[in-house]
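Understanding the architecture of this molecule
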Amino acid sequence: MTATSSSHWGAFRVGGSGPALRVTPRPGDPDPSPLLGNIAAAHRHRSRVARPALRRHRAGRGYDSFEEVTWDTALDVVAEALAGVPDRSAIFGGSYGWASAGRFHHAQSQLHRFLALGGGFTGSRNSYSLGASLVAFPHLVGPRGAHDVIRAGTDWPVIAAHTDLVVAFGGIRTANAYVTPGGRATHDFRGHLRAATARGLRVASLSPLRDDLSPELRGEWLPIRPGTDVAVMLALIHVLAAEGLADLDFLRRHTVGADRLLADVKEKTPAWASAESGLPAESIVDLARRMAAGRTLVTVSWSLQRAPYGEQPLWAGLALAAALGQIGLPGGGFGHGYGSMGDVGGGRIPYRLPTFPQVPNPVRDFIPCALVADLLLRPGEQFDYDGRRRTFPPVELVYWAGGNPFHHHQDLGRLRRAFARPRTVVVHEPYWTATARHADVVLPVTTPLERDDLGAGRGDTHLIAMQAADRPYAEARDDYAIFADLADRLGYRPAFTEGRTTREWLRHLYEGWREPHGLPGFDEFWALGELELPGRREDTVLFAGFRAGRPLDTPSGRIELYSGTVAAFGYDDCPGAPTYFRPEPAPIVLICNQPPTRLHSQLDMGAVSRDSKVHGREPLRMNPADAAARGIRAGDIVRVHNETGSLLAGVVLSGDCMPGVAQLSTGAWFDPSAPDVATCVHGNPNALTADAGTSRLSQGCTGQQARVEISLFTGPLPPVLAYVPPLEFP
Ligand SMILES: Nc1nc2c(c(=O)[nH]1)N[C@H]1C(S)=C(S)[C@@H](COP(=O)(O)OP(=O)(O)OC[C@H]3O[C@@H](n4cnc5c(=O)[nH]c(N)nc54)[C@H](O)[C@@H]3O)O[C@H]1N2
Ligand SMILES: Nc1nc2c(c(=O)[nH]1)N[C@H]1C(S)=C(S)[C@@H](COP(=O)(O)OP(=O)(O)OC[C@H]3O[C@@H](n4cnc5c(=O)[nH]c(N)nc54)[C@H](O)[C@@H]3O)O[C@H]1N2
Ligand SMILES: [Mo]
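Residues numbered from 1 in each chain as written. Chains lettered and ligands numbered in written order. Predicted model: local features only at pLDDT ≥ 70, side-chain atom pairs only at ≥ 80, totals over all residues. Heavy atoms only, no water.

Observations concerning the overall build of the protein chain
For the protein chain, the helix and strand inventory stands at 25 helices and 29 strands. Compactness check: the protein chain gives a C-alpha radius of gyration of 25 Å against a globular reference of 27 Å for 730 residues, within 12% of the reference. In terms of overall dimensions, the protein chain has a C-alpha envelope of 75 × 65 × 50 Å along the principal axes. Per-residue burial over the protein chain gives 63% buried out of 730 residues. Accessible area of the protein chain: about 25,100 Å², with a carbon and sulfur share of 52%. Seen as two clouds, the 74 positive and the 75 negative side-chain charges of the protein chain have centres 1 Å apart. (Helix = DSSP H or I, 4+ residues; strand = E, 2+ residues; numbered from the N terminus. Rg over C-alpha atoms; globule rule 2.2 N^0.38 Å. Buried < 20%, exposed > 50% of the residue type's maximum accessible area, 1.4 Å probe, protein only. Areas by Shrake-Rupley, 256 points an atom, 1.4 Å probe, with all protein chains shown as cover. Lys, Arg positive; Asp, Glu negative; His and termini not counted. Charge placed at Lys NZ, Arg CZ, Asp CG, Glu CD.)

Right, here's the structure in full:
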């Protein structure tokens, strides 16, 4: 029997079961993701959580082993712990993370509904992906404009048809575009790139890594030191202004703050930007001229804002596009995140997809998500965020379902100290992740292969019937079933379930949604396995309406190249206009980007991810000259270290890294089992990233870069214990 299913990296078919489970791509997908190769080996991997488990209280969270208990015992413990926190703001249920594809079983939605109906919880806002963008853009282009920039940018077919030159700060990475939250049935990204290239599109990729430019694209790599993009952007505006190539009419009619900007860039010469960025001054002058000579799109990848002062490259990039005057023209102007995610420029469906309903959270306290360690370490203290001072509530109970903070957060040593604080930590997980190891109660949950669901992502082509392909592993249960039983113990099961089983919910969500679209009934859909989403559009031109005269919802109605609102906040780390902050010097800047071999930390034990490791450690790429200067050769194990922490990784030499830059993707399972050797012996870069926000404006994640030294490691190599369930430890 074959089942249809889906993941954040695409839809697929499943045959067989248990260790013999086989995954094949969805037949209609022209370019399926290589990440499908991780699924089979992970399905029944030993790192699955088999039964509910309680921590044996000995050395402290993250150091202890666990004891398996019955579901009744575990649920009693969790219900009692929840009932023991009458002040609901002391329950932190932000639970940031991607969980799995599937519109009903989405773990955060399940948790948030459960906690909100029980009286509320302290939540979290924004994302690690777009921490600065989600707060800054509403000031620059208004809330509606921000939504458009982030969620409804110019579509790829429009770019393919109109754009001559893409100036891509942070490049356009193929590996990232396979991924879309909720999934994508048809990976058309590389097809669009090939069509655009065939029509003549060229790309200038400004990035520390050569292979940030997809091989389907033609153009050049302009190596740039991390964190210096704003200097180059301002110098490009300098050249446009000095050579009479800036569109002064556009600036006057559609922006505020242009006079100030033009005065400010007088000093920002190409020679100055060259000294900052390492890019030759002639390249900057030449690029500015080429930008003005045709239809040009300035794009800033999401990675640029996941760094200190991450608001600035957004603002300066927008200013550069404004100076060119092509904002609102087909294929010209500004873009954000091309090559960051598959749904950017990837079309839209002009209606909502079926979604598990939420209820309002009675608690008003929240944090921007990347302040989680501060929340736990600094109760009662204040923090700045978007023009307000707020207070961290005291937290007694942390509830996480569908995320892995011991993958995603910075300075994991500090996070360990933070997780030692609350009275209770509850985690739902299919796998024994580092986060599960830092819990008191671990509840084993199913994967999408073990339950029915509906699958589709933003701008998707199809709705997928995600059909259970195998029995749940051991005693694993759905998040939904767990919360239903907890709600029962706490006296609100009917409110949580509305009397529906999972199958009844799926039917209910689907039937309530499909009718206006003239789609078949649930049983027919389920038997078909998928259906095409009607009315899909791929013709969006960002800010076309604005150019035609519709004001933005900023205070001025225009693009704010100077924001009086932001200026009035008085933040020295985010003033009222785009500002260059010189990055701290470092022997090596470590780029901690997204892994091409998996999604974040998910299925790190899968075949594609495991095959990439060097002596079982995460591969670290570095420039041959930097390696030679340190006596390091390909295949060596190195110790990467700074004042925050250290890790072991396996070396790959590559001229694709510019000198002074190394690259180590996120997501190797955090393994602090040999602390005398390194904070993480497996190669999770968050062992040594700094836990600091982008600025007081957004407090976004800055994990994309770390400043490190790299040394040859010659000691005895400790084993990687990250996948060994912590049940048998002494
Ligand atoms: N240094 C550095 N750090 C970064 C970044 C960076 O650029 N550099 N990027 C950041 C970004 S953009 C992001 S989005 C984050 C990602 O961080 P996360 O989203 O936290 O990472 P995932 O590995 O996807 O974690 C999802 C977890 O949910 C579990 N899970 C899957 N399905 C289910 C389910 O149905 N129920 C439950 N209960 N659990 C489930 C998985 O096993 C996995 O452990 O990382 C951030 N961290
Ligand atoms: N395969 C795969 N795809 C994914 C994910 C995954 O885990 N795996 N995660 C998804 C998620 S949640 C997100 S948010 C997106 C993230 O999308 P992005 O944030 O755009 O992706 P990254 O791969 O982190 O970074 C892209 C590139 O930016 C470059 N870069 C870093 N710092 C600088 C800088 O200062 N200046 C310049 N010019 N370039 C810089 C790096 O060379 C890096 O390779 O990816 C998504 N796609
Ligand atoms: Mo992300």
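On we go from here.
Some thoughts on the site of ligand 2
With respect to spatial proximity, 33 residues lie near ligand 2, and among them R173, D212, D229, S303 and S340 are the closest. In this structure, D229 approaches ligand 2 through a side-chain N or O atom, which is 2.7 Å from a nitrogen atom. Within the backbone of R598, a nitrogen or oxygen atom sits 2.8 Å from a nitrogen atom of ligand 2. In isolation ligand 2 has 920 Å² of accessible area, and contact with the protein removes 98% of it. Secondary structure elements with two or more residues in the shell around ligand 2: helix 6 (174-177) and strand 9 (202-207). (Near = heavy atom within 4 Å. Polar contact = N/O pair within 3.5 Å; in protein donor to acceptor, adjacent residues only side chain to side chain.)

Quick word on the domain arrangement of the protein chain
The domains assigned to the protein chain are domain 1 (52-122 + 363-532), domain 2 (131-349 + 544-569) and domain 3 (588-724). The C-alpha centroid of domain 3 is placed 29 Å from the C-alpha centroid of domain 2. Counting residues at the interface gives 28 residues for domain 2, matched by 23 residues for domain 3. Here domain 2 meets domain 3 over a buried area of about 2,100 Å², counting both sides, of which 60% is carbon and sulfur. Ranking the residues of domain 2 by area buried against domain 3 places L209, P226 and R306 at the top, with a combined share of 28%. (Domains from an automatic or database assignment. Contact = heavy atoms within 4.5 Å. Buried area = accessible area lost by both parts, 1.4 Å probe.)

Quick word on the packing of helix 11 (residues 270-277) against helix 12 (residues 281-292)
Two elements in contact, helix 11 and helix 12, have axes whose closest approach is 8 Å; the angle formed by their N-to-C orientations is 120°. For the element pair helix 11 / helix 12, the angle class is oblique. Crossing of helix 11 against helix 12: the hand is right-handed. From helix 11, P270, A271, A273 and S274 reach across to helix 12, where they touch A281, I284 and V285. Of the residues assigned to the contact of helix 11 with helix 12, the class counts are six nonpolar, one polar and no charged. (Axes fitted to C-alpha atoms, helices over the stretch in contact; angles between N-to-C directions. Parallel < 35°, antiparallel > 145°, perpendicular 65-115°, else oblique. Left-handed = near helix turned anticlockwise from the far one by under 90°. Nonpolar A, V, L, I, M, F, W, Y, C, P; charged D, E, K, R; others polar.)

Quick word on the packing of helix 2 (residues 71-83) against helix 18 (residues 479-489)
Interaxial distance between helix 2 and helix 18 falls to 10 Å at its minimum, and their mutual angle equals 60°. In terms of orientation, helix 2 and helix 18 fall into the oblique class. The element helix 2 and its partner helix 18 pack so that their crossing is right-handed. Of the residues in helix 18, those in contact with W71, D72, L75, D76, V78 and A79 of helix 2 are I482, D485, L486 and R489. Considering only residue class, the contact of helix 2 with helix 18 consists of six nonpolar, no polar and four charged.

Comments concerning the packing of aromatic side chains
Inspection of every chain in the model, using the stated rule, returns 36 aromatic pairs. A centroid spacing of 6.2 Å and a plane angle of 80° characterise the contact between F525 and W526, whose relative ring orientation is edge-to-face. Each member of the pair, F525 together with W526, is buried. What links up through ring pairs into an aromatic cluster is the set F104, F114, F356, Y399, Y480, F483, Y492, F496 and W505. Directly above the ring of Y63 sits R416, whose terminal nitrogen or CZ lies 4.2 Å from the centroid. (Phe/Tyr/Trp six-rings, centres within 6.5 Å; stacked < 30°, edge-to-face > 60°. Lys NZ or Arg CZ within 6 Å of the ring centre and 35° of its normal.)

Concerning the sheet that holds strand 3 (residues 22-25)
Taken together, three strands build an open sheet; the order of strands is 1-2-3 and the sheet is antiparallel. Lying at the two open borders of the sheet, with one neighbouring strand each, are strand 1 (2-7) and strand 3. Sheet twist, expressed as the average angle between the axes of neighbouring strands with direction ignored, equals 35°. As judged from the four bridges shared by strand 2 (residues 10-15) and strand 3, these two strands associate in the antiparallel manner. The residue of strand 3 that forms the bridge with F12 is P25. (Pairing = 2+ DSSP bridges.)

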